[in-house]
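Letter by letter, the chains look like this.
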Amino acid sequence: MKKLIALSLSLCLLTACAPRPPQQEQPTDFTVIGVSQLGSESGFRVANTESIRLTFTEETGYRLLFEDAQQKQENQIAAIRKFIQQQADYILLMPLCVSGWDSVLQEAKAAGIPVILVDRMVQVEDDTLYAAHVGSNFQWEGERAAAWLEETFQDVHGPVNILHIQGTLGSSAQLGRSAALEEAVDRHENWSLLAQLDGDFIQAKTYEVTAQWLDSQPEPPLLHAVYCENDNTAFGAIQALEERGYTCGQDGVQVISFDATRQGLVYCMEGKISLEVECDPMMGPLVEDVISLLEEGGVPDKHYYTRERLFQRQDLSQDFIDQRTY
Ligand code: AHR
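Attention in this report is confined to the structure presented alongside it. (Residues numbered from 1 in each chain as written. Predicted model: local features only at pLDDT ≥ 70, side-chain atom pairs only at ≥ 80, totals over all residues. Heavy atoms only, no water.)

### Regarding the overall build of the chain
Formally: Helix and strand assignments come from DSSP, with helices taken as H or I runs of at least 4 residues and strands as E runs of at least 2, each series counted from the N terminus. The buried label applies to any residue whose accessible area, calculated with a 1.4 Å probe on protein chains only, is under 20% of its type's maximum; exposed applies above 50%, and partly exposed to all values in between. The contact criterion used is simple: two residues touch if any of their non-hydrogen atoms lie within 4.5 Å. For the area figures, the Shrake-Rupley method with a 1.4 Å probe applies, and any residue is considered shielded solely by the protein chains shown. We score Asp and Glu as negative and Lys and Arg as positive, and we do not count His or the chain ends. In plain terms, the charge of a residue is placed at NZ if it is Lys, CZ if Arg, CG if Asp and CD if Glu.
Scanning the chain for helices and strands turns up ten helices and 13 strands. Reported as C-alpha extents along the three principal axes, the dimensions of the chain are approximately 85 × 50 × 35 Å. The proportion of buried residues among the 326 residues of the chain is 52%. Partitioning the intrachain contacts of the chain with sequence separation of at least 6 by distance along the chain shows that 74% fall at a separation of at least 24. Roughly 15,600 Å² of accessible area belongs to the chain as shown, and the carbon and sulfur atoms make up 50% of that amount. With 23 positive and 49 negative side-chain charges, the chain shows a spacing of 6 Å between the two charge centroids.

Dropping the structure here:
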């Protein structure tokens, strides 16, 4: 599987020849990994990239070909084609959205390059187009958040008004988390979604769309909860709400968020975020386990889910947050 990477030997003209520094021993046989990261829209994403970079180093025998798609699927498709040309041993794909992957994954399969989906999922006709998926179960995460809302508002028989800030539309993270909330709203006659705003998992965009929506209402709406599909959208929404006189927390608007980044947990410990649903981006070691298994000729499972917990204010301490890796 491994390909020999020729180490380039620099030619030294006699005239320019100075004493050479001692040569460092370098592995000459690397496993080449093409990584198509979808972008850098959030704290989660930055940590996810870092985890991959820290895991797959030349010291540990890997050569990384990394492409940042800047939130564009066409860039991801072009990157995969480039990795095929470069004869990568494996391709890691963090897919922006669920659809539109069949052809390019078919090309990778025809070239004999296993594709491992990282973090998000795709919807393809044939699941042999990817070797494995290492990531989160977003529907499960959303269901945990919805169950928390049900418990929190169980004694409220009047209206429960929810503002929904969605992540990148068409991504498996958005689809799973949104579906869980929508199903819960359907189960409760007194719950309503006042609006569903596209925050794209980005803080600045969420601030903008939330501020615009609030300012366009004839009167400041009565809000019981804001369901934000990641920490960055929660930060943007909280800023827009607070600037308009809302209080976020137990005695005001209950903010739900996903990821549980260090900053998200600080907000949670301060009481501004009522519930944090963990979505762990540190997937590098798990992905490496899958690659090692494939190298040994093994057949990996189709899905490997990361551990995800729920956090409320009472579960947190500064020590815990300080030790957080992302
Ligand atoms: O796919 C995971 C989601 O993508 C994270 O919750 C979010 O922060 C990110 O941008």
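### Description of the side chain of Glu-276
Where we set the bar: Any Lys or Arg side-chain nitrogen located within 4 Å of an Asp or Glu carboxyl oxygen qualifies as a salt bridge. N or O atoms closer than or at 3.5 Å make up a polar contact, with two conditions inside protein: a donor-capable atom paired with an acceptor-capable one, and, for residues adjacent in sequence, both atoms drawn from side chains.
Here Glu-276 lies in strand 11 (residues 275-278). For the buried Glu-276, no salt bridge exists, and the shortest N-O distance to an oppositely charged side chain is 7.5 Å, to Arg-324. Only 2.9 Å separates the side chain of Glu-276 from the backbone nitrogen of Ala-260, close enough to count as a polar contact. Once you skip the residues sitting within four places of it in the chain, Glu-276 turns out to touch Asp-231, Ser-257, Phe-258, Asp-259, Ala-260, Gly-264, Leu-265, Cys-268, Arg-309, Leu-310 and Phe-311.

### Comments concerning the sheet that holds strand 13 (residues 310-311)
One key point about sheets: their strands pair by backbone hydrogen bonds, in either a parallel or an antiparallel sense. For clarity, the cut-off: Between any two strands, at least two bridges found by DSSP are needed for them to pair. Note on definitions: angles span 0 to 180 degrees between N-to-C directions of axes, and those axes are lines fitted to C-alpha atoms, for helices only across the stretch in contact.
One open sheet holds the six strands; their spatial order is 8-7-9-10-11-13, and the pairing between them is mixed. A strand with exactly one partner marks an edge of an open sheet, and here the two such strands are strand 8 (191-198) and strand 13. Pairing between strand 9 (residues 225-228) and strand 10 (residues 254-259): three bridges, direction parallel. Paired with Ala-225 across the strands is Gln-254, a residue of strand 10. Contacts between helix 4 (residues 138-152) and the sheet are confined to strand 7 (160-166), strand 8, strand 9, strand 10, strand 11 and strand 13, with strand 10 contributing the most and set at about 160 degrees to the helix. Helix 7 (residues 231-243) rests against strand 7, strand 9, strand 10 and strand 11 of the sheet, and its axis sits at about 155 degrees to strand 10.

### Regarding the packing of helix 7 against helix 8 (residues 262-270)
The following threshold applies: For classification purposes, angles smaller than 35 degrees are called roughly parallel, those larger than 145 roughly antiparallel, those between 65 and 115 roughly perpendicular, and all remaining angles oblique. It is the rotation of the near helix from the far one that decides the hand of a crossing: anticlockwise by less than a right angle makes it left-handed, clockwise makes it right-handed. Note that Gly is not counted as nonpolar here; it falls among the polar residues with everything else outside the nonpolar set of Ala, Val, Leu, Ile, Met, Phe, Trp, Tyr, Cys and Pro and the charged set of Asp, Glu, Lys and Arg.
The geometry of helix 7 relative to helix 8 is characterised by a closest axis approach of 9 Å and an angle of 45 degrees between their N-to-C directions. Our classification of the angle between helix 7 and helix 8 gives oblique. When the axes of helix 7 and helix 8 are compared, the crossing they make is left-handed. For the pair helix 7 and helix 8, contact is made by Asp-231, Phe-235 and Ile-238 and by Gln-263, Gly-264 and Tyr-267, respectively. Classifying every residue of the contact of helix 7 with helix 8 by side-chain character gives three nonpolar, two polar and one charged.

### Concerning helix 6 (residues 203-216)
As a reminder, the rule being used: The length a helix should cover is 1.5 Å for every residue beyond the first.
End to end, helix 6 covers 20 Å across 14 residues, agreeing with the expected 20 Å (1.5 Å per residue, within 8%). Buried residues of helix 6: Thr-206, Val-209, Thr-210, Ala-211, Trp-213 and Leu-214, and no others.

### Section: the packing of helix 1 (residues 43-55) against helix 9 (residues 284-295)
Viewed as axis vectors pointing N to C, helix 1 and helix 9 meet at an angle of 50 degrees, and their least axial separation amounts to 8 Å. By the angle class used here, helix 1 and helix 9 are oblique. Together, Ser-51, Ile-52 and Thr-55 of helix 1 and Gly-284, Pro-285, Val-287 and Glu-288 of helix 9 make up the contact between the two elements. For the contact of helix 1 with helix 9, the per-class residue count stands at three nonpolar, three polar and one charged.

### A word on the packing of aromatic side chains
As a reminder, the rule being used: The criterion for an aromatic pair is that two Phe, Tyr or Trp rings (for Trp, the six-membered ring) have centres within 6.5 Å, with stacked assigned to planes under 30 degrees apart, edge-to-face to planes over 60 apart and tilted to the rest. Only Lys NZ and Arg CZ are tested; either one counts as a charge over a ring when it is within 6 Å of the ring centre and within 35 degrees of the ring normal.
Going through the model one piece at a time under the given rule, you end up with four aromatic pairs. Between Phe-56 and Tyr-62, the ring centres sit 4.8 Å apart and the planes meet at 85 degrees, which makes this aromatic pair edge-to-face. Pair check on accessibility: Phe-56 and Tyr-62 agree, each one buried. Cation over ring: Lys-272 sits above Tyr-267, and NZ or CZ is 5.8 Å from the ring centre.

### Section: the pattern of salt bridges
A complete count under the given rule lists 17 salt bridges for this structure. Of the charged contacts in the structure, one is a salt bridge between Arg-244 and Glu-243, with a shortest N-O distance of 3.7 Å. By relative accessible area, which is 30% here, Arg-244 ends up partly exposed. On the basis of relative accessible area, Glu-243 is assigned to the partly exposed category, the value being 45%. Through salt bridges that share partners, Glu-41, Arg-45, Asp-119 and Arg-120 make up one connected network.

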